[in-house]
Each structure stands twice: as C-alpha cells, then as structure tokens.
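A look at the structure
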Amino acid sequence: MASLAEPPGARPHSRTPARSPARSPGLSPALGPSRCGEERRKAASGVVQETQVRPVDLNHAIKLLEDASNRDLEDEQLEVLKKVVKSFENGLPLKDLAQIMDILNLCAEKVNKEEAFIEPVCELIKLWGLPFQKKRLSDEVTYSVAVSKCIAQLGCLMRVPSSQVRIQICKSIISFYKMELPKKLLPGYQPTSANYKIQMAELGGLAETLVLSLALVENQLTEKLWVLKALQHLSSSGVNCKHMMKAQAASRLCLYLNGTDPSGQMVFRSSEILWNLLESTSKEEVVNELSSLECVHALKEAFVDRLINGFRHCDHQLRNDLLVIATLVAQNSAASMIESGFTVLLIVLATFTEVKIPNPLLKGLKFTYSCEDFEMKKLLFNIIGIFSKDPHALQLLSENDVIPALLYYVKPHKKPGFHDWSAAQYEELQLHAIAILASVAPLLVDKYLSCQANTLLLVFLEWCIGQDPFFGQGNSFHGTGGRGNKLAQMRYSLRVLKSVVSLYDDAVNLNLCDQGAISQLLDILKYAANNSEQKDDAILLEIQANTLFILSALCENDVHRKELFHHEGVDLLISFIQMDPKKLHSGLGHNRLLFSALDCLWSCVIGCYIAENYFLEQQGIFFLLDLLALKQKNLCNIILGILSEFCDNTKTVMHINTWRGENDQTAAKLLIQLWRQVELDLGVQRDRYGRIADVKRPIAGSFQKEQEVTPVPSGCPSFAVVEISENIRAKLYSLLCKLGFENLPGLSAKDFVTLAIIRRYIDFKVGEVWSEVCAELKEEFSPIASDEEILKVISEVSENVGKMVTAYQTEVLENHHHQEIHEEKKTYTKIRAVHKQKEMAKKSWEDFLTRTSNYEALKKAKRLQEKSIEASKSKLKTQNGSVHSTDIKGLGTTVGSGRLVTVESTPYHLVEGPLAATGLPPKRISFSEETLSKNKKS
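Residues numbered from 1 in each chain as written. Predicted model: local features only at pLDDT ≥ 70, side-chain atom pairs only at ≥ 80, totals over all residues. Heavy atoms only, no water.

1. Digging into the overall build of the chain
Counting secondary structure elements, the chain contains 45 helices and four strands. In the chain, which comprises 938 residues, the proportion classed as buried is 45%. In the chain, of all internal contacts separated by at least 6 residues, the share reaching a separation of at least 24 is 76%. When the accessible surface of the chain is summed, it comes to about 50300 Å², and 53% of that surface belongs to carbon and sulfur atoms. (Helix = DSSP H or I, 4+ residues; strand = E, 2+ residues; numbered from the N terminus. Buried < 20%, exposed > 50% of the residue type's maximum accessible area, 1.4 Å probe, protein only. Contact = heavy atoms within 4.5 Å. Areas by Shrake-Rupley, 256 points an atom, 1.4 Å probe, with all protein chains shown as cover.)

2. Here we look at the pattern of salt bridges
As a working rule, side chains carrying opposite charge can pair if their charged atoms are close by. Counted under the stated rule, the structure contains 34 salt bridges. Residue Asp558 is joined to Arg561 by a salt bridge in which the shortest nitrogen-to-oxygen separation is 3.5 Å. Overall, Arg561 belongs to the buried group, its relative accessible area being 15%. Across the pair Lys859 and Glu856 runs a salt bridge whose closest N-O atoms are separated by 3.5 Å. With Lys859 and Glu856 both in helix α43 (residues 855–872) and three residues apart, the pair spans about one turn of that helix. Among the residues examined, Lys859 registers a relative accessible area of 31% and is labelled partly exposed. Three or more residues are tied together by salt bridges with common partners; here these are Glu679, Arg686, Glu723, Arg729, Lys765 and Glu768. (Salt bridge = Lys/Arg side-chain N within 4 Å of Asp/Glu carboxyl O.)

3. Quick word on the packing of helix α20 (residues 371–387) against helix α23 (residues 423–440)
Packing of α20 against α23 brings their axes to within 9 Å, and their N-to-C directions diverge by 10°. Considered as vectors, α20 and α23 are oriented roughly parallel to each other. Seen from α20, the contacting residues are Phe374, Lys377, Lys378, Phe381, Asn382, Ile384 and Gly385; seen from α23, they are Gln425, Glu428, Leu429, His432, Ala433, Ile436 and Val440. Across the contact of α20 with α23, the residue classes tally to seven nonpolar, four polar and three charged. (Axes fitted to C-alpha atoms, helices over the stretch in contact; angles between N-to-C directions. Parallel < 35°, antiparallel > 145°, perpendicular 65-115°, else oblique. Nonpolar A, V, L, I, M, F, W, Y, C, P; charged D, E, K, R; others polar.)

4. Brief notes about the nonpolar core
Among the nonpolar cores identified, the biggest contains 251 residues, and Trp128, Leu277, Phe615, Leu624 and Leu628 are the most heavily contacted of them. Not counting residues up to four positions away in its chain, the partners in contact with Leu624 are Ile577, Leu598, Leu601, Phe615, Ile639, Ile642 and Leu643. (Core = buried A, V, L, I, M, F, W, Y, C linked by side-chain atoms within 4.5 Å.)

5. A few points about helix α39 (residues 729–739)
For α39, the full list of buried residues reads Arg729, Leu732, Tyr733, Leu735, Leu736 and Leu739. Buried residues in α39, looked at end-on, bunch into an arc of 170°, giving them a common side. Contacts made by the buried residues of α39 are with α34 (633–646), α35 (652–658), α36 (667–682), α40 (749–759) and α41 (761–780). Backbone geometry just after α39 places Gly740 at a positive phi near 90°. (Arc of directions from axis to C-beta.)

6. Overview of the environment of Glu708
With respect to the helices and strands, the residue Glu708 is situated in the loop between α37 (702–706) and α38 (719–722). The exposure class assigned to Glu708 is exposed, which follows from its relative accessible area of 71%. Sequence-wise, Glu708 and Glu772 are 64 residues apart; in three dimensions their C-alpha atoms are separated by 10.0 Å.

7. Digging into the side chain of Thr192
Tracing the sequence through the fold places Thr192 in the loop between β4 (190–191) and α9 (196–204). If we skip the residues at most four places from it in the chain, Thr192 touches Leu94, Phe132, Lys134 and Glu140.

8. Focus on the side chain of Ser718
By the element assignment, Ser718 lies in the loop between α37 and α38. Judged by relative accessible area, Ser718 falls into the buried class, the value being 15%. A distance of 2.4 Å separates a polar atom in the side chain of Ser718 from a polar atom in the side chain of Glu772. (Polar contact = N/O pair within 3.5 Å; in protein donor to acceptor, adjacent residues only side chain to side chain.)

9. A look at the packing of helix α25 (residues 453–464) against helix α28 (residues 517–534)
Each pair of packed helices gets described by two things: the angle between the helix axes and the distance between those axes. Interhelical geometry of α25 versus α28 gives an angle of 30° and a closest axis separation of 11 Å. Relative to α28, α25 is oriented roughly parallel. Judged by the twist between their axes, the crossing of α25 over α28 is left-handed. Taken together, the residues of α28 that come into contact with α25 (itself represented by Leu458, Leu461, Glu462 and Cys464) are Ala517, Gln520, Ile524 and Tyr527. Tallied by class, the residues present in the contact of α25 with α28 amount to six nonpolar, one polar and one charged. (Left-handed = near helix turned anticlockwise from the far one by under 90°.)

10. Structural notes on unusual backbone geometry
The general pattern is negative phi for most residues beyond glycine and trans for most peptide bonds. For Tyr504, which is not glycine, the phi torsion reads 55° and is therefore positive. Mapped onto the elements of the fold, Tyr504 is located in the loop between α26 (487–501) and α27 (506–514). Owing to a relative accessible area of 43%, Tyr504 belongs among the partly exposed residues under this scheme. A positive phi angle, close to 60°, is found at Gln619, a residue other than glycine. Of note, Gln619 is situated in the loop between α32 (609–617) and α33 (620–628).

11. What to know about the environment of Asp751
Structurally, Asp751 is set in helix α40. Between the C-alpha atom of Asp751 and that of Ala668, which follows or precedes it by 83 residues, the distance is 9.1 Å. Filtering out sequence-adjacent residues up to four positions away, Asp751 remains in contact with Lys669, Ile672, Arg676 and Gly746.

12. Overview of the packing of aromatic side chains
In total, this model carries 14 aromatic pairs according to the counting rule given. Aromatic side chains Phe303 and Phe342 sit 6.0 Å apart centroid to centroid with 50° between the ring planes, which places their arrangement in the tilted category. You can see Phe303 sitting in helix α16 (residues 293–309) and its partner Phe342 sitting in helix α18 (residues 342–350), a full 39 residues away along the chain. When its relative accessible area of 0% is taken as the criterion, Phe303 is described as buried. Residue Phe342 is classed as buried on the basis of its relative accessible area of 1%. (Phe/Tyr/Trp six-rings, centres within 6.5 Å; stacked < 30°, edge-to-face > 60°.)

13. Notes on the confidence of the model for the chain
Per-residue pLDDT for the chain has a mean of 84; in total, 86% of the residues score no lower than 70. Every residue in residues 1–53 scores below 50 in pLDDT, and together they form 95 contacts with partners more than four places removed in sequence or on other chains. Across residues 914–929, confidence stays below pLDDT 50; counting only partners more than four residues off in sequence or on other chains, it has six contacts. (pLDDT = per-residue confidence, 0-100.)

14. Concerning a nonpolar patch on the surface
On the surface, Ile762, Val766, Trp770 and Val773 cluster together to form a nonpolar patch covering roughly 310 Å² of accessible area. By the secondary structure assignment, Trp770 is in helix α41. (Patch = residues over 30% accessible without salt bridge, like charges linked within 9 Å, V, L, I, M, F, W, Y side chains within 5 Å.)

15. Re helix α8 (residues 163–175)
In a regular helix each residue adds 1.5 Å, so 13 residues correspond to 18 Å; α8 covers 18 Å between its end C-alpha atoms and thus fits that length. Among the 13 residues in α8, 11 count as buried, and that is most of the element. Among the residues making up α8, those that are buried are Ser163, Val165, Arg166, Ile167, Gln168, Ile169, Cys170, Ser172, Ile173, Ile174 and Ser175. The secondary structure elements touched by the buried residues of α8 are α5 (118–126), α7 (144–156), α10 (206–212) and α11 (221–234). (Expected span 1.5 Å × (residues − 1).)

Structure follows, in structure tokens:
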C-alpha cells in the first residue's frame with residue numbers, strides 16, 4: 001500500500017495548494033555519465049537532450065488488448081504495455097492521448113481479473129503526470145477538446161478496484177500543479193505550457209468526477225486522503241469549484257470532518273476545500289448544503305474536538321476556521337443550528353470569561369489570551385449579532401446572560417495584568433461588544449433595564465467627554481477614527497442608546513430622563529460640535545446626528561422635556577441649520593446631520609410655547625426659509641412641514657411675511673415657485689400663461705392620467721389619495737392657507753394665476769376622488785338613473801370649478817395686460833414731455849443767441865415783447881385808481897427783469913379790498929438818505 005507523500009498535519013491552514021514552478025531546462029538533474037566529451041559538455045551545461053525511441057504501433061496494441069478470446073496472449077499484452085510505457089517515458093504526445101486512454105480503459109477491465117496488469121497500468125498513468133508533447137504551437141488549441149475528454153476519463157479510472165491505481169491517479173493529478181520537465185524530449189516535440197493540463201482539467205470537469213469517486217473509497221483511509229489531497233489542489237480554481245458543487249462536494253466533505261484519521265489530515269484538507277468552495281463559488285449554495293442537521297452536527301463536533309482537545313497552533317487555527325464556517329451557516333435562517341445544540345454552545349462560549357458561570361458544555365476548556373483565542377472571541381461576538389436576528393434564539397440569549405456579558409465592557413479599561421488582554425486587544429473587544437449590544441439590547445429590553453444599562457452607558461459617556469487621559473489605539477474596524485481619543489467609544493455607546501430609544505418604550509425613556517440624560521446629551525452635542533469646527537470628520541458628524549435623534553425620541557410629546565431642551569438646544573439647532581449648503585454634498589454625512597437637526601426641531605421645539613418663541617427670537621424662521629430657498633427636493637418636504645406646524649404660533653406669520661430672499665423675494669413668491677416646479681416635474685398640463693389646460697383634471701400629472709382604473713378595497717387609498725403624500729403640494733397649500741391668500745406681498749400676475757389654482761387645491765382633489773369613484777362604479781356596476789344623475793352633477797360641479805378658476809385667471813391676465821398698457825402710456829407721456837422740454841430749451845437758447853448776434857432780431861423781439869405785455873393788460877380801466885408803469889426806463893434787453901423792482905405806494909383813499917376793511921392807514925416806510933442813495937446807484 002502506497003503512503004502519503006506529506007506528513008500528518010502538513011499545510012493545515014493554507015488557503016490554496018502549494019504550487020512549485022515548473023523546473024526550467026537549466027535546472028534539470030544531471031543526465032548521468034556519457035561516452036563522449038560532447039555529451040558530457042551538454043550534460044554539464046544542463047541542456048535538454050532529445051532521444052530516439054522506436055515508435056510503438058498503438059493500433060496494434062489496442063487490437064491486441066481487445067482480443068479477449070485467447071488467454072494465452074496475456075504475456076504478449078503485458079509486453080506491449082511495457083513497450084508503450086518505454087516509448088512515451090518522456091511524455092505523451094497530444095495526438096496520441098486518445099489512443100493511450102483507450103489502452104487504459106481496456107487495461108482497467110483486465111485489472112478486475114488479472115492483478116498482473118496493475119503495475120503497467122500504474123506506469124502508464126504515471127506518464128500523465130509528465131508534460132504533454134506538441135509539435136506545433138497550435139496543437140494545444142487543436143487537440144483541446146480531445147485532451148479535456150481524456151483527462152476527464154482519467155478521473156473515471158477511479159472505478160478500478162485497485163488501491164495502487166487510485167493512488168497513482170491522484171499523484172498524476174497533483175503533478176499537474178508541480179510540473180517538472182522531463183530529462184529528454186522526443187525529437188521534433190516540445191512540452192506544452194505549464195498551465196495547459198490545469199486548463200484542460202477545468203474544461204473536462206475532472207473535479208466533479210473526483211468528488212463522485214469519494215463514494216468508492218469511503219472505507220479506504222489512505223485512498224481517501226489522496227483523493228482529498230488531489231481535490232485540495234483542484235479547488236484552487238473557481239471553475240473546478242463550480243464543477244465540484246455539481247457533485248454536492250460541500251455536504252460530502254463536511255461529513256468527513258469527524259472521520260477516523262490518526263494523522264489528522266482529513267479534517268484539515270476537508271476544511272481547506274470547504275474554504276475554497278466558499279471563496280470561489282456561490283456562498284449561498286455552499287451554505288444551503290451545509291445547513292442540514294447532519295452537516296451542522298458534524299461542524300459542531302469538529303469544532304468542539306478542536307476546542308477541547310486541540311493544543312497545537314494549527315488546531316487553534318482550524319478551530320477558528322470552523323467557527324467562521326459556522327458563522328456563515330448561522331446566517332441562513334433554514335440552518336439547524338438550534339436543533340443541533342450548536343447555538344447554545346456558541347452563546348455559552350461567548351460569555352465564558354465575563355459571566356463566570358460553570359457550564360457542563362465547556363467542561364475541561366482552558367482559555368488563554370493568545371492571538372488565536374483573541375480571534376475566536378471576536379468571532380463569537382460576531383455570531384451573537386447574527387443570532388440576534390433569529391427570533392427563535394432570543395430566549396437562549398436571555399437565559400445565558402448575553403446582556404450582562406456585553407455590559408462588562410462598558411467601562412474604562414484598567415491597566416492590563418500579565419494574564420489579560422493587552423490594551424489594544426481590550427479596546428477592540430470593548431468596541432466590538434458595544435457594537436453587538438446595539439443589536440441585542442432592543443430585543444431584550446427587560447434584561448437591559450434590569451442590568452441598569454442606561455446608567456452604565458451614561459457614566460461611560462461622561463468618561464468619554466471627560467478630561468481623563470486615554471490614548472485609543474484605533475487599529476480595528478470598530479476603532480476607526482479613535483486613535484488617541486475616545487470618539488470610537490462615544491460613537492458606539494450612542495448607537496446603543498439610539499437603538500433602545502427608537503423603540504419609544506416609556507420605561508426606557510423615562511429611566512434615561514430621570515438620570516439627566518437630556519442635559520448630558522446636550523453636553524455631548526456641544527463637545528462634538530466644538531471638535532467638528534476644527535475638522536470635519538464623519539465620526540463626529542455621526543455622533544452629532546445620533547445625539548439629535550436620541551433627543552428627538554426623548555422629547556417628543558413631552559412638554560416638560562422640551563422645556564429642559566429649549567435654551568441650549570435651540571442655539572445648537574440654529575447653528576446646524578445655518579450650515580454651509582456646499583457641505584451637504586461632501587459625502588461625510590452633513591446631509592444626515594441636517595435632517596437630524598430638522599427632525600429634532602420638529603420634536604423638541606414645536607409644541608412648547610417657550611421654545612417656539614425663543615426660536616423665533618433667534619430668527620430661526622428666517623434660516624428655515626433660507627434653506628427652503630435652495631429648492632432641494634429632499635429638504636423641502638420636512639421644512640414645509642415644520643413651517644406649517646410653526647404657524648400655529650401667532651407670531652410666525654409675521655416672521656414669514658417679513659423674510660426677504662435674493663432679489664427681494666418674498667416667502668409667498670417662493671412657495672408659489674415651488675408649486676410650479678412640482679407641477680413641472682409631475683407633467684401637469686398648463687398653457688403658456690400658466691392657466692388650467694384641462695378643466696376636467698386640473699391638477700393631475702401625466703403619470704396619474706396614464707393609470708388605468710383599478711377597483712380597490714374600501715380600506716385601500718386610491719391613486720388620487722396616495723398622490724397627496726408623494727409630493728409637497730399638500731404642504732404648500734396648508735402653509736399658504738395659514739398665511740392667507742389675500743394681501744400676499746411681492747407677487748406678479750403669473751403668481752396670482754398660480755395662486756388661484758392653489759386656492760382650489762382641495763376642491764380639485766375632491767373632484768379627482770369622485771372621478772375615480774365614478775370610474776370604479778362603471779367598471780363593476782351599472783348605476784341607476786338617479787345615481788347616475790347625481791354622479792353627473794358632481795362631475796359637472798368639479799368641472800365648473802375648473803372653468804371658474806380659468807375665467808378668473810383670464811381676468812387677472814387681462815387686468816394685468818390693461819395695467820401694463822396704462823403704465824406704458826404714462827411712461828410714454830413722460831418721455832414725450834421730457835423730449836418737448838428739451839426741444840423748447842434748445843429753441844430758447846437758439847433765440848437768445850440770435851438776439852445777441854443780430855440787432856434787427858433784437859428789435860423785433862423787443863416789439864413782440866411789448867405787444868405781448870400790452871395784450872396781457874386788462875381792457876377795463878380802473879376807476880379812481882393809479883396806474884403804475886411796468887416799463888423800465890433805459891432797458892436794452894428782451895429777457896425778463898431781475899428780482900429788483902420799484903413799487904410806488906398807493907394812497908390810502910384809493911385802497912380797496914381786504915386792506916381797506918381794517919380801517920388802518922398804511923404805514924409809511926422811512927428810508928434813510930444813505931439807503932436811498934445806494935438804491936439810486938444800484
């Protein structure tokens with residue numbers, strides 16, 4: 001009986017079979033002594049020699065082996081086989097492979113009767129381990145189909161009931177991956193490429209045949225190990241792994257994990273092949289095969305054996321490998337993990353060092369602090385998170401104190417001792433445990449509260465923002481961003497609180513608030529906000545977003561908690577709302593932070609009069625409208641909801657109407673623009689002036705019109721009702737209703753046209769619902785005459801509303817058009833007056849220049865002036881009155897006189913009118929001689 005080439009336990013943990021590169025001709029062993037100096041020189045230089053061998057007639061050999069009538073031919077047949085082996089001792093030519101395989105198949109039939117054929121068959125199979133020989137470069141492609149079939153038939157020879165033959169087949173297959181060049185080459189031939197046989201084995205499906213042959217060697221340990229070794233090499237290829245899965249290799253190999261094997265190779269090789277199958281094929285398909293009760297039980301027994309009895313380093317590695325496979329199987333809800341007892345074993349093992357409760361399942365277990373045990377501990381924490389997704393495992397998690405075991409790590413790490421985890425290992429386990437606690441805690445709330453988990457977490461969070469020195473390693477997946485700080489611990493602790501408060505359980509939330517969680521969470525929020533000012537970090541943003549969510553869950557529907565929040569909390573919320581819009585697309589999480597802040601505003605401020613007023617005083621409404629003016633679809637919905645709720649406060653409407661955006665835009669104009677944008681996205685029909693184009697369905701979009709009438713149960717909303725929640729038109733209508741549709745500032749005629757549609761939104765929506773009702777009735781029933789008349793009237797009413805709105809829109813547009821014409825005329829009149837004034841000024845200047853340069857023109861102007869003055873005098877002569885002359889003696893100009901005039905006093909007896917009624921004589925004004933002389937000079 002041949003023995004395995006490798007010692008027991010060799011290569012237990014490698015992921016792919018070891019491959020030795022093909023030995024080059026220069027590295028060939030010495031060819032031995034030769035007779036001439038030339039041959040010695042060639043041997044010394046390592047040059048591959050060619051050899052002349054008399055070719056054997058393969059057709060004659062096949063005919064000789066096919067002749068079964070004469071038993072005396074056995075010696076001749078054996079001799080022919082030896083010649084064939086001798087002829088091809090340096091490699092099989094590609095063109096002869098089909099005939100060689102025919103010879104092997106004939107010999108395989110004779111082995112059943114004559115043992116003498118075993119040795120030549122083995123020698124002939126050994127030749128398949130040598131490189132194939134080709135004459136031309138194209139031979140590899142030309143003979144690829146024939147070669148792949150021959151290699152596949154090589155696997156079929158495992159049916160031969162001979163241990164030597166089977167082992168030799170496995171050795172030849174293994175040699176595909178350890179190809180060595182022969183010492184001599186056939187004349188005119190050269191070896192095929194190193195990977196040619198591997199590719200042909202993949203093409204022919206050799207791996208599938210070899211998996212099926214495991215049933216033939218079930219009771220032969222040595223042969224089984226050789227087959228597993230060959231499969232281990234073949235499984236390094238994804239193509240071979242797919243062929244193996246056709247033969248259900250995963251379930252077959254899993255059952256070999258606990259086979260009797262003093263060398264220990266069977267479990268190592270089987271697990272290695274399982275790993276390759278998982279990595280190279282469909283993981284779901286492999287897991288489904290391993291989910292049966294037999295396979296899970298085999299996994300469990302193999303794991304326990306290595307857990308209890310494994311002392312070597314490779315045993316611990318294999319234990320962890322099996323645990324990873326069990327983890328993948330546990331993700332399949334159909335796996336028999338609980339039925340096999342594997343689930344409870346893993347749960348108990350996960351809490352082994354923290355709970356300190358003796359368990360008979362782990363009797364004899366010795367736990368160390370080696371790297372392999374550290375990896376196992378992390379794997380066990382991970383599988384606890386997987387079990388938490390299975391409702392049937394929750395009872396086991398509760399009974400085996402998983403919550404107390406995980407809470408063991410919610411505390412600062414003390415200085416490690418000699419027999420303990422290192423600081424880096426403890427930190428990684430701590431973060432992993434808290435991360436798993438976030439998944440388990442919401443499922444076991446009673447256990448969570450009984451362990452005072454809220455208190456432990458709040459104390460731990462207080463340490464996180466404290467000044468105690470701590471230098472986090474940050475060298476794990478969960479420790480990302482936590483090097484030199486406590487941010488990783490804070491991040492995962494807040495995740496736990498977020499997971500439990502999201503249940504909205506009154507007991508949990510009350511327990512948190514009674515311990516001052518709101519003020520502490522605000523301190524955490526300020527701490528993270530101050531750090532994020534120095535550097536934008538995804539972890540800091542997540543911490544802030546989660547903290548805001550927790551505050552929202554705690555303060556919602558509780559006015560007293562909102563009052564605790566309002567002062568510091570509102571200031572923080574405003575700082576988040578004022579975020580630079582460019583950061584929303586940074587990818588770090590600013591958009592999530594903004595949404596969390598808006599949600600917190602809705603939950604923690606609205607409904608509390610003190611908090612609302614403080615928010616208004618800090619100009620919070622203005623900042624909300626600034627955000628709304630960005631017109632980002634993902635923000636508009638929630639902002640409009642907040643503004644609509646805020647309008648219940650009487651002071652809010654004034655703030656909204658006071659706001660002004662870019663280009664002096666008002667809030668009402670912004671809301672109407674958003675409405676038009678929504679209708680454009682929905683494909684609502686409007687004419688070029690924005691009026692209703694379809695009076696029967698005024699607000700229906702293109703997609704809504706395309707929907708066919710489908711009768712639905714009375715409890716299901718129709719498409720017209722569902723459409724309300726799918727866009728922001730309902731919230732725009734609600735907000736404009738609270739602002740009022742009259743006296744809205746800053747609107748144009750186009751805005752008033754759109755506002756007329758918004759004002760009738762509810763009427764139009766009711767009309768759509770009635771239209772659907774009518775269509776559904778006509779699909780199912782035939783209404784009686786009276787009902788049909790009523791439905792017709794309802795439809796006409798809805799249509800009349802559309803016509804009325806259209807008429808009003810037309811009137812608005814006409815009035816606006818007339819107003820524009822009137823304004824245009826006024827503007828044109830002003831322009832004409834300005835032009836006429838300019839022309840008159842120009843003509844006056846030209847006349848002035850003419851008079852100064854032409855004396856005759858000056859005299860003519862003087863005569864015209866005198867005539868004009870004379871014409872302006874009254875024709876009625878004043879009786880008993882003095883007449884004053886308006887002429888200025890010696891005047892030589894035709895321009896108007898200056899400001900200095902001489903007025904002669906009217907005698908008292910000639911005074912009439914109001915001055916005479918006073919009965920007072922006019923006063924005489926005395927002038928000094930000096931003044932009179934000055935006047936004369938002037």
